[in-house]
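Here is how the chains run, residue by residue.
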Amino acid sequence: MGFSVLPLMDFLARRAFLAAGLRPHTISLPSDGSGGQHTVHYWAPPGEPRLPPLLLIHGFGPMATWQWRRQVGPFSRHFHVIVPDLLCFGASSPSSGSPPPSESAQAAALAALLDALPGLAPAARVAVAGTSYGGFVAYALARAAGPERVGPVVISNSDLLKTADDDRALLDRAGGGCARTSDLLMPLDARAARRLMELSFYRRQPIALLPDFVIRDAVQKLFTDRREEKIELMKAITVGTNEFQLTPLPQTFCSSGESMIRYFPWKGISGQELMCLGENVKLEIFKKTGHVPQMEDPDRFNEVVLEFLLASQKAFFNSA
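Asks: With reference to specific residues and values, describe the overall build of the protein.
Replies: In terms of regular secondary structure, the protein is built from 14 helices and eight strands. Taken across its 320 residues, the protein has 52% of its residues classed as buried. Contacts in the protein between residues at least 24 apart in sequence constitute 75% of all its contacts with a sequence separation of at least 6. As displayed, the protein offers around 14,700 Å² of accessible surface, 54% of which is attributable to carbon and sulfur atoms.

And the structure:
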(Lines give C-alpha, C1' and ligand atoms only; values in the text may rest on other atoms or scores of the structure.)
Protein backbone atom coordinates (compact mmCIF):
# COMPACT_ATOMS: atom_id res chain seq x y z
CA MET A 1 0.00 0.00 0.00
CA GLY A 2 1.66 3.24 -1.19
CA PHE A 3 1.78 6.65 0.44
CA SER A 4 -1.03 9.05 -0.49
CA VAL A 5 -1.47 12.72 0.38
CA LEU A 6 -5.20 12.68 -0.31
CA PRO A 7 -6.39 11.40 3.09
CA LEU A 8 -4.43 14.17 4.86
CA MET A 9 -5.76 16.89 2.57
CA ASP A 10 -9.30 15.58 2.91
CA PHE A 11 -8.94 15.45 6.71
CA LEU A 12 -7.76 19.08 6.87
CA ALA A 13 -10.60 20.27 4.64
CA ARG A 14 -13.29 18.34 6.53
CA ARG A 15 -11.93 19.56 9.86
CA ALA A 16 -12.21 23.18 8.69
CA PHE A 17 -15.81 22.64 7.58
CA LEU A 18 -16.78 20.89 10.80
CA ALA A 19 -15.08 23.58 12.90
CA ALA A 20 -17.14 26.20 11.04
CA GLY A 21 -20.33 24.41 12.10
CA LEU A 22 -21.11 22.85 8.70
CA ARG A 23 -22.28 19.28 8.35
CA PRO A 24 -22.62 17.03 5.26
CA HIS A 25 -26.10 16.43 3.83
CA THR A 26 -27.51 14.61 0.82
CA ILE A 27 -30.85 15.31 -0.84
CA SER A 28 -32.77 13.98 -3.84
CA LEU A 29 -34.27 16.64 -6.08
CA PRO A 30 -36.49 16.40 -9.16
CA SER A 31 -34.52 16.96 -12.34
CA ASP A 32 -35.66 19.57 -14.80
CA GLY A 33 -38.03 17.90 -17.25
CA SER A 34 -36.56 14.37 -17.28
CA GLY A 35 -38.78 12.94 -14.56
CA GLY A 36 -35.78 11.54 -12.70
CA GLN A 37 -34.04 12.55 -9.51
CA HIS A 38 -30.77 14.41 -9.06
CA THR A 39 -28.69 13.57 -6.01
CA VAL A 40 -27.07 16.65 -4.50
CA HIS A 41 -24.53 16.51 -1.71
CA TYR A 42 -23.84 19.70 0.21
CA TRP A 43 -22.38 21.09 3.42
CA ALA A 44 -24.40 23.48 5.60
CA PRO A 45 -25.09 24.13 9.27
CA PRO A 46 -27.84 21.90 10.68
CA GLY A 47 -31.24 23.38 11.49
CA GLU A 48 -32.92 26.56 10.33
CA PRO A 49 -30.73 29.46 9.14
CA ARG A 50 -30.13 32.17 11.72
CA LEU A 51 -27.92 34.19 9.41
CA PRO A 52 -28.31 35.33 5.76
CA PRO A 53 -27.59 32.46 3.33
CA LEU A 54 -24.39 32.38 1.25
CA LEU A 55 -23.89 29.78 -1.49
CA LEU A 56 -20.27 28.92 -2.38
CA ILE A 57 -19.90 27.24 -5.79
CA HIS A 58 -16.70 25.34 -6.53
CA GLY A 59 -14.77 25.24 -9.78
CA PHE A 60 -13.61 22.46 -12.06
CA GLY A 61 -11.02 20.62 -10.01
CA PRO A 62 -10.62 19.00 -6.58
CA MET A 63 -13.41 18.70 -4.07
CA ALA A 64 -15.45 21.70 -2.97
CA THR A 65 -14.13 21.27 0.57
CA TRP A 66 -10.58 21.80 -0.68
CA GLN A 67 -11.46 24.87 -2.73
CA TRP A 68 -13.35 26.69 0.05
CA ARG A 69 -11.46 25.38 3.11
CA ARG A 70 -10.03 28.79 4.02
CA GLN A 71 -13.34 30.64 3.58
CA VAL A 72 -15.91 28.65 5.54
CA GLY A 73 -14.62 29.75 8.96
CA PRO A 74 -14.59 33.53 8.40
CA PHE A 75 -17.71 33.51 6.21
CA SER A 76 -19.74 31.41 8.65
CA ARG A 77 -19.47 34.16 11.28
CA HIS A 78 -21.68 36.35 9.08
CA PHE A 79 -23.60 33.91 6.85
CA HIS A 80 -25.38 30.59 6.79
CA VAL A 81 -22.83 29.01 4.44
CA ILE A 82 -23.95 26.36 1.93
CA VAL A 83 -21.32 24.50 -0.10
CA PRO A 84 -22.73 22.02 -2.64
CA ASP A 85 -21.05 19.53 -4.91
CA LEU A 86 -22.11 20.39 -8.44
CA LEU A 87 -23.62 17.63 -10.57
CA CYS A 88 -20.94 15.15 -11.75
CA PHE A 89 -18.63 16.22 -8.89
CA GLY A 90 -18.06 14.71 -5.48
CA ALA A 91 -21.14 12.92 -4.22
CA SER A 92 -23.63 14.73 -6.49
CA SER A 93 -25.07 12.96 -9.54
CA PRO A 94 -27.49 13.93 -12.29
CA SER A 95 -30.54 11.79 -12.89
CA SER A 96 -29.99 8.63 -14.90
CA GLY A 97 -30.17 9.25 -18.63
CA SER A 98 -30.12 13.03 -18.40
CA PRO A 99 -27.80 14.93 -20.76
CA PRO A 100 -24.53 16.41 -19.47
CA PRO A 101 -25.47 19.45 -17.40
CA SER A 102 -24.79 22.90 -18.81
CA GLU A 103 -24.20 25.86 -16.50
CA SER A 104 -27.94 26.57 -16.65
CA ALA A 105 -28.76 22.99 -15.66
CA GLN A 106 -26.30 23.21 -12.78
CA ALA A 107 -27.93 26.49 -11.74
CA ALA A 108 -31.39 24.92 -11.89
CA ALA A 109 -30.23 22.11 -9.58
CA LEU A 110 -28.85 24.67 -7.12
CA ALA A 111 -32.08 26.67 -7.27
CA ALA A 112 -33.99 23.47 -6.43
CA LEU A 113 -31.58 22.85 -3.55
CA LEU A 114 -32.19 26.34 -2.15
CA ASP A 115 -35.95 25.80 -2.40
CA ALA A 116 -35.62 22.52 -0.49
CA LEU A 117 -33.29 23.67 2.31
CA PRO A 118 -34.90 23.26 5.74
CA GLY A 119 -36.06 26.55 7.20
CA LEU A 120 -34.96 28.72 4.28
CA ALA A 121 -37.85 30.96 3.29
CA PRO A 122 -38.83 30.70 -0.40
CA ALA A 123 -38.36 34.44 -0.80
CA ALA A 124 -35.05 34.61 1.07
CA ARG A 125 -32.32 36.43 -0.82
CA VAL A 126 -29.18 34.31 -1.24
CA ALA A 127 -25.69 35.70 -1.75
CA VAL A 128 -23.60 33.64 -4.18
CA ALA A 129 -19.87 33.26 -4.81
CA GLY A 130 -18.45 31.10 -7.59
CA THR A 131 -14.86 30.38 -8.56
CA SER A 132 -13.72 29.44 -12.09
CA TYR A 133 -16.38 27.12 -13.60
CA GLY A 134 -18.43 27.86 -10.48
CA GLY A 135 -18.48 31.49 -11.59
CA PHE A 136 -20.24 30.44 -14.79
CA VAL A 137 -22.84 28.64 -12.67
CA ALA A 138 -23.16 31.58 -10.26
CA TYR A 139 -23.84 33.91 -13.19
CA ALA A 140 -26.43 31.52 -14.67
CA LEU A 141 -28.16 31.19 -11.30
CA ALA A 142 -28.26 34.94 -10.70
CA ARG A 143 -29.58 35.67 -14.18
CA ALA A 144 -32.28 32.99 -13.98
CA ALA A 145 -33.43 33.76 -10.44
CA GLY A 146 -33.24 37.55 -10.58
CA PRO A 147 -31.86 40.08 -8.07
CA GLU A 148 -34.71 39.68 -5.59
CA ARG A 149 -33.74 36.02 -5.06
CA VAL A 150 -29.99 35.95 -5.74
CA GLY A 151 -27.48 38.63 -4.85
CA PRO A 152 -24.98 40.01 -4.32
CA VAL A 153 -22.84 37.88 -6.66
CA VAL A 154 -19.09 37.20 -6.49
CA ILE A 155 -17.45 35.84 -9.66
CA SER A 156 -13.82 34.86 -9.15
CA ASN A 157 -11.48 34.02 -12.04
CA SER A 158 -14.30 33.21 -14.45
CA ASP A 159 -13.86 34.45 -18.01
CA LEU A 160 -17.45 35.00 -19.06
CA LEU A 161 -16.30 36.26 -22.46
CA LYS A 162 -13.92 33.43 -23.25
CA THR A 163 -13.79 32.06 -26.78
CA ALA A 164 -12.45 28.98 -28.53
CA ASP A 165 -9.32 31.03 -29.28
CA ASP A 166 -8.82 31.52 -25.55
CA ASP A 167 -9.04 27.77 -25.00
CA ARG A 168 -6.43 27.21 -27.71
CA ALA A 169 -4.19 29.86 -26.14
CA LEU A 170 -4.47 28.05 -22.82
CA LEU A 171 -3.33 24.81 -24.43
CA ASP A 172 -0.46 26.63 -26.13
CA ARG A 173 0.54 28.15 -22.80
CA ALA A 174 0.63 24.66 -21.32
CA GLY A 175 3.43 23.82 -23.73
CA GLY A 176 1.75 21.29 -25.97
CA GLY A 177 0.95 17.69 -25.28
CA CYS A 178 -2.73 18.34 -24.58
CA ALA A 179 -5.20 17.93 -27.41
CA ARG A 180 -8.18 19.07 -25.33
CA THR A 181 -8.76 21.41 -22.41
CA SER A 182 -10.03 18.43 -20.42
CA ASP A 183 -6.61 16.76 -20.79
CA LEU A 184 -4.99 19.80 -19.18
CA LEU A 185 -7.54 20.20 -16.40
CA MET A 186 -7.65 16.49 -15.53
CA PRO A 187 -4.01 15.32 -15.65
CA LEU A 188 -3.15 11.67 -15.16
CA ASP A 189 0.63 11.86 -14.72
CA ALA A 190 3.04 13.84 -12.56
CA ARG A 191 4.45 15.99 -15.37
CA ALA A 192 1.02 17.19 -16.51
CA ALA A 193 -0.06 17.75 -12.90
CA ARG A 194 2.96 19.95 -12.19
CA ARG A 195 2.28 21.97 -15.34
CA LEU A 196 -1.34 22.51 -14.31
CA MET A 197 -0.15 23.70 -10.88
CA GLU A 198 2.29 26.11 -12.55
CA LEU A 199 -0.55 27.59 -14.59
CA SER A 200 -3.01 27.71 -11.69
CA PHE A 201 -0.83 29.13 -8.90
CA TYR A 202 1.45 32.15 -8.70
CA ARG A 203 3.72 30.49 -6.14
CA ARG A 204 5.21 27.04 -6.44
CA GLN A 205 3.13 24.61 -4.41
CA PRO A 206 4.77 22.28 -1.85
CA ILE A 207 2.92 19.31 -3.32
CA ALA A 208 4.84 19.87 -6.59
CA LEU A 209 8.03 18.90 -4.74
CA LEU A 210 6.73 15.42 -3.91
CA PRO A 211 8.04 12.39 -5.81
CA ASP A 212 6.41 11.52 -9.12
CA PHE A 213 4.78 8.35 -7.81
CA VAL A 214 2.98 10.29 -5.04
CA ILE A 215 1.67 12.95 -7.42
CA ARG A 216 0.69 10.35 -10.01
CA ASP A 217 -1.24 8.38 -7.40
CA ALA A 218 -3.07 11.52 -6.27
CA VAL A 219 -4.12 12.77 -9.70
CA GLN A 220 -5.19 9.35 -10.88
CA LYS A 221 -7.45 8.99 -7.86
CA LEU A 222 -8.78 12.51 -8.34
CA PHE A 223 -9.28 12.55 -12.10
CA THR A 224 -10.18 9.02 -13.16
CA ASP A 225 -13.40 9.08 -11.14
CA ARG A 226 -16.27 9.92 -13.52
CA ARG A 227 -13.77 11.20 -16.04
CA GLU A 228 -15.95 10.69 -19.11
CA GLU A 229 -18.87 12.41 -17.39
CA LYS A 230 -16.73 15.46 -16.73
CA ILE A 231 -15.38 15.51 -20.28
CA GLU A 232 -18.96 15.58 -21.57
CA LEU A 233 -19.81 18.25 -19.00
CA MET A 234 -17.04 20.45 -20.37
CA LYS A 235 -18.47 20.04 -23.85
CA ALA A 236 -21.84 21.22 -22.50
CA ILE A 237 -20.48 24.58 -21.32
CA THR A 238 -22.27 27.35 -23.22
CA VAL A 239 -19.91 30.19 -22.25
CA GLY A 240 -17.87 30.93 -25.36
CA THR A 241 -20.58 29.72 -27.74
CA ASN A 242 -23.37 31.43 -29.64
CA GLU A 243 -25.83 30.12 -27.04
CA PHE A 244 -24.42 32.43 -24.36
CA GLN A 245 -25.02 36.16 -24.06
CA LEU A 246 -23.60 38.26 -21.25
CA THR A 247 -26.12 40.65 -19.72
CA PRO A 248 -25.90 42.98 -16.69
CA LEU A 249 -26.22 41.81 -13.10
CA PRO A 250 -26.74 44.23 -10.20
CA GLN A 251 -24.27 44.14 -7.31
CA THR A 252 -21.57 41.99 -8.87
CA PHE A 253 -17.98 41.56 -7.69
CA CYS A 254 -15.36 40.22 -10.12
CA SER A 255 -11.91 39.15 -9.04
CA SER A 256 -8.84 37.72 -10.71
CA GLY A 257 -5.39 36.61 -9.73
CA GLU A 258 -2.57 38.80 -11.07
CA SER A 259 -0.80 35.98 -12.88
CA MET A 260 -3.99 35.00 -14.70
CA ILE A 261 -4.08 38.45 -16.29
CA ARG A 262 -0.48 37.96 -17.37
CA TYR A 263 -1.00 34.44 -18.74
CA PHE A 264 -4.39 35.04 -20.32
CA PRO A 265 -5.01 38.69 -21.26
CA TRP A 266 -8.77 38.22 -21.18
CA LYS A 267 -10.25 40.95 -23.26
CA GLY A 268 -13.14 41.36 -20.87
CA ILE A 269 -11.72 41.23 -17.36
CA SER A 270 -11.22 44.97 -17.02
CA GLY A 271 -13.18 46.38 -19.92
CA GLN A 272 -15.78 44.70 -22.08
CA GLU A 273 -16.78 42.10 -19.50
CA LEU A 274 -17.31 44.74 -16.81
CA MET A 275 -19.36 46.90 -19.18
CA CYS A 276 -21.51 43.90 -20.09
CA LEU A 277 -22.08 43.03 -16.44
CA GLY A 278 -23.33 46.54 -15.70
CA GLU A 279 -22.30 49.72 -13.92
CA ASN A 280 -22.56 48.31 -10.38
CA VAL A 281 -19.60 45.98 -10.80
CA LYS A 282 -16.53 46.03 -8.59
CA LEU A 283 -13.24 44.59 -9.88
CA GLU A 284 -10.43 43.40 -7.63
CA ILE A 285 -7.06 42.12 -8.87
CA PHE A 286 -5.29 40.04 -6.24
CA LYS A 287 -1.54 40.62 -6.43
CA LYS A 288 0.83 37.65 -6.52
CA THR A 289 -1.91 35.07 -6.94
CA GLY A 290 -3.02 32.82 -9.78
CA HIS A 291 -6.29 31.17 -10.65
CA VAL A 292 -7.34 30.49 -7.05
CA PRO A 293 -6.77 33.64 -4.94
CA GLN A 294 -9.05 32.20 -2.24
CA MET A 295 -6.35 29.55 -1.71
CA GLU A 296 -3.18 31.60 -2.33
CA ASP A 297 -4.16 34.77 -0.44
CA PRO A 298 -7.14 33.71 1.69
CA ASP A 299 -6.86 36.51 4.25
CA ARG A 300 -7.03 39.25 1.63
CA PHE A 301 -9.67 37.40 -0.40
CA ASN A 302 -11.87 36.91 2.66
CA GLU A 303 -11.50 40.52 3.75
CA VAL A 304 -12.39 41.99 0.37
CA VAL A 305 -15.23 39.60 -0.41
CA LEU A 306 -16.83 39.94 3.04
CA GLU A 307 -16.63 43.73 2.81
CA PHE A 308 -18.41 43.62 -0.56
CA LEU A 309 -21.06 41.10 0.52
CA LEU A 310 -21.94 42.86 3.77
CA ALA A 311 -22.01 46.35 2.21
CA SER A 312 -24.11 45.15 -0.75
CA GLN A 313 -26.63 43.42 1.48
CA LYS A 314 -26.96 46.50 3.67
CA ALA A 315 -27.50 48.73 0.64
CA PHE A 316 -30.10 46.35 -0.83
CA PHE A 317 -32.20 46.12 2.33
CA ASN A 318 -31.93 49.86 2.99
CA SER A 319 -33.35 50.52 -0.47
CA ALA A 320 -36.13 47.92 -0.17
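Asks: Tell me about the packing of helix H8 (residues 190-200) against helix H9 (residues 212-223), residues and numbers included.
Replies: Contact geometry of H8 with H9 gives a least axis separation of 8 Å together with a crossing angle of 80°. Comparing their axes, H9 and H8 come out roughly perpendicular. Contacts between H8 and H9 pair Ala-190, Ala-193 and Arg-194 from the former with Asp-212, Ile-215, Arg-216 and Val-219 from the latter. Of the residues in the contact of H8 with H9, the class split is four nonpolar, no polar and three charged.

Asks: An account of the packing of helix H4 (residues 103-116) against helix H5 (residues 133-145) is requested, with residue identities and associated values reported.
Replies: Where H4 contacts H5, the two axes come as close as 8 Å, and the packing angle between them is 65°. Here H5 runs roughly perpendicular to H4, going by the angle between their axes. The way H4 lies across H5 gives a crossing that is right-handed. Facing H4, whose interface residues are Glu-103, Ser-104, Gln-106, Ala-107, Leu-110 and Ala-111, H5 presents Tyr-133, Phe-136, Val-137, Ala-140 and Leu-141. Grouping the constituent residues of the contact of H4 with H5 by class yields eight nonpolar, two polar and one charged.

Asks: If you had to explain helix H1 (residues 6-19) to someone new, which residues and values would you point to?
Replies: Helical periodicity: at 3.6 residues per turn, an α-helix aligns residues three or four positions apart in one direction. The terminal C-alpha atoms of H1, which comprises 14 residues, lie 20 Å apart, in line with the 20 Å expected from a rise of 1.5 Å per residue. The set of residues buried in H1 consists of Leu-6, Ala-13 and Phe-17. One side of H1 holds all its buried residues, which, seen down the axis, span an arc of 45°. When the buried face of H1 is taken as reference, the exposed residues oriented beyond 90 degrees from it are Pro-7, Leu-8, Arg-15 and Ala-19. Here the buried face of H1 lies against strand S2 (37-44), helix H2 (64-67), helix H3 (72-76), strand S4 (80-84) and H9. Just beyond H1, the residue with positive phi is Gly-21, at close to 90°.

Asks: Explain the pattern of salt bridges to me, and be specific about the residues and the numbers.
Replies: If charged atoms from side chains of opposite charge come close, those side chains can pair. Summed over the entire model, instances satisfying the criterion amount to twelve salt bridges. Lys-221 is the salt-bridge partner of Asp-217, the closest N and O atoms lying 3.4 Å from each other. With Asp-217 and Lys-221 both in helix H9, this residue pair falls four residues apart, about one helical turn. In this structure, the salt-bridge partner of Arg-300 is Glu-303, at a minimum N-O distance of 3.7 Å. Note that Arg-300 and Glu-303 are positioned in helix H14 (residues 298-319) at a spacing of three residues, about one turn of the helix.

Asks: Give me the lowdown on unusual backbone geometry, citing residues and values where you can.
Replies: Peptide bonds are trans in most cases, and residues, glycine excluded, mostly fall at negative phi. With an omega of -10°, the peptide bond running from Gly-151 to Pro-152 counts as cis. Looking at where Pro-152 falls in the secondary structure, it is placed in strand S6 (residues 150-156). For Asn-157, which is not a glycine, the phi torsion comes out positive at approximately 55°. Its place among the elements puts Asn-157 in the loop between S6 and helix H6 (164-173). Residue class for Asn-157 comes out buried when judged on its relative accessible area of 2%. Positive phi values are uncommon outside glycine, yet Arg-226 reaches one of about 55°. By secondary structure assignment, the location of Arg-226 is in the loop between H9 and helix H10 (227-235).

Asks: Go over the nonpolar core, please, and point to the residues and values.
Replies: Leu-55, Ile-57, Leu-110, Leu-113, Val-128, Tyr-133 and Leu-160 are the most contacted members of the largest nonpolar core, which totals 57 residues. For this core, the element with the most residues is H5, which contributes eight residues. Setting aside chain neighbours within four positions, we find Val-128 in contact with Leu-54, Leu-55, Ile-57, Ala-138, Leu-141, Val-150, Pro-152, Val-153 and Val-154. Counting residues in each nonpolar core, the second largest holds 23 residues, with Leu-54, Phe-79, Phe-286 and Leu-306 among its members.

Thresholds, definitions, all that
- Residues numbered from 1 in each chain as written.
- Predicted model: local features only at pLDDT ≥ 70, side-chain atom pairs only at ≥ 80, totals over all residues.
- Heavy atoms only, no water.
- Helix = DSSP H or I, 4+ residues; strand = E, 2+ residues; numbered from the N terminus.
- Buried < 20%, exposed > 50% of the residue type's maximum accessible area, 1.4 Å probe, protein only.
- Contact = heavy atoms within 4.5 Å.
- Areas by Shrake-Rupley, 256 points an atom, 1.4 Å probe, with all protein chains shown as cover.
- Axes fitted to C-alpha atoms, helices over the stretch in contact; angles between N-to-C directions.
- Parallel < 35°, antiparallel > 145°, perpendicular 65-115°, else oblique.
- Nonpolar A, V, L, I, M, F, W, Y, C, P; charged D, E, K, R; others polar.
- Left-handed = near helix turned anticlockwise from the far one by under 90°.
- Expected span 1.5 Å × (residues − 1).
- Arc of directions from axis to C-beta.
- Salt bridge = Lys/Arg side-chain N within 4 Å of Asp/Glu carboxyl O.
- Core = buried A, V, L, I, M, F, W, Y, C linked by side-chain atoms within 4.5 Å.

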